[in-house]
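The chain contents come next:
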Amino acid sequence: MSSEMNVITENLTALKQEMPQGVLLIAVSKTKPVALLQEAYQAGQRAFGENYVQELVEKQPQLPADIDWHFIGHLQSNKVKYIASFVHCIHGVDSFKLLKEISKQAVKNGRTIQCLLQVHIASEETKFGFSPDELRTEAASFQPADYPGVELAGLMGMASFTEDESQIRSEFKSLKGLFDELKSGAFSALASFNQLSMGMSSDWKIAVDEGSTMIRVGSSIFGSRN
Ligand SMILES: *Cc1c(COP(=O)(O)O)cnc(C)c1O
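Structural notes, computed from the coordinates. (Residues numbered from 1 in each chain as written. Predicted model: local features only at pLDDT ≥ 70, side-chain atom pairs only at ≥ 80, totals over all residues. Heavy atoms only, no water.)

Details of the packing of aromatic side chains
Inference 1: Here the structure, examined in full by the defined rule, presents eight aromatic pairs.
Inference 2: Seen in terms of ring centroids, F179 and F193 are 5.1 Å apart; in terms of plane orientation they differ by 15 degrees. Their pairing is stacked. With F179 in helix α7 (residues 165-184) and F193 in the loop between α7 and β7 (195-197), this pair connects stretches of sequence that are 14 residues apart.
Inference 3: We classify F179 as buried; its relative accessible area is 7%.
Inference 4: Pairwise contacts between aromatic rings join F96, F130, F142, Y147, F179, F187 and F193 into one cluster. (Phe/Tyr/Trp six-rings, centres within 6.5 Å; stacked < 30°, edge-to-face > 60°. Helix = DSSP H or I, 4+ residues; strand = E, 2+ residues; numbered from the N terminus. Buried < 20%, exposed > 50% of the residue type's maximum accessible area, 1.4 Å probe, protein only.)

What follows is the structure, encoded as structure tokens:
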């Protein structure tokens, strides 16, 4: 490796070497300037994750069109319209009302948008998402035909903010269990239901161990955020 190789490229290379095949790396670029995303793009990165609608809408036109944009933050129904024309996947879908609005805006734009249902698995009160029981109940009456333009692609979750690895592992395990249950049960007719988005800089290895197919990594690529 050349000594001029930049830090972002080095970080991406190191991550890729440790990741198993078949897991998608989403580079979480929230708060980071476009120049840094360009460096990651130059290094071959194509999936980027952003948390804020306004920031995503500003960055997207400044970057190459073949980027897959993943919206990973909390999305309000009234903001779906600003990202529906280009967003590839929305990770934080925490109600079927929001899914309905995504469907409406996807159809309006002649697009299909991947969606992941967010499940609350952490011990903290503050994190968004369905409770497992709530999702079981709602999934039982789910009709894909009611949501044109939406590809229900799987589940997403965030573990507790803790040093306790066994707690993190058991939270990821519970999400994988729910995913398997829905895949063979309520969502068994959905060929698209294949993705499990779990794991961030601090816990992605545990997440991958427990069956994650998409990891959302920010600070280990771009450095810590202010
Ligand atoms: C910020 C964020 C990440 C990335 O966090 P890092 O610790 O910087 O890797 C992943 N997922 C979500 C939902 C986030 O908000």
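Structure shown, so let's carry the discussion forward.
Some remarks on the side chain of E210
Inference 1: Summarising the element assignment, E210 is placed in the loop between α8 (204-209) and β8 (214-217).
Inference 2: When sequence neighbours within four positions are dropped, the list of residues in contact with E210 reads R169, F172, K173, K176 and M198. (Contact = heavy atoms within 4.5 Å.)

Observations concerning the pattern of salt bridges
Inference 1: Under the defined criterion, the tally for this structure stands at 11 salt bridges.
Inference 2: Two residues, K104 and E101, come together in a salt bridge whose shortest N-O distance is 3.8 Å. Residue K104 and its partner E101 are both found in helix α5 (residues 96-108); the two are separated by three residues, about one turn of the helix.
Inference 3: Residue K104 is classed as partly exposed on the basis of its relative accessible area, which comes to 48%.
Inference 4: Note on E101: relative accessible area 16%, which makes it buried.
Inference 5: Through salt bridges with shared partners, a single ionic network connects R169, K173, D209 and E210. (Salt bridge = Lys/Arg side-chain N within 4 Å of Asp/Glu carboxyl O.)

Concerning helix α2 (residues 34-42)
Inference 1: Looking at α2, one finds that the buried residues are V34, L37, A40 and Y41. Considered in projection along α2, the buried side chains sweep an arc of 115 degrees and stay on one side of the axis.
Inference 2: Among the structural elements, α1 (7-18), β2 (47-50), α3 (53-59), β3 (68-71) and α9 (219-222) are those in contact with the buried residues of α2. (Arc of directions from axis to C-beta.)

Examining α1
Inference 1: The end-to-end C-alpha separation of α1 is 17 Å, in line with the 16 Å expected for 12 residues at 1.5 Å each.
Inference 2: Among the residues of α1, those classed as buried are I8, T9, L12 and L15. The arc that holds the buried residues of α1, viewed along the axis, is 130 degrees, so those residues lie on one side. Exposed positions of α1 whose direction lies more than 90 degrees from the buried face are V7 and Q17.
Inference 3: In this fold, the buried residues of α1 make contact with β1 (24-28), α2, α8, β8 and α9. (Expected span 1.5 Å × (residues − 1).)

The values are spatial; any link to function lies outside them.
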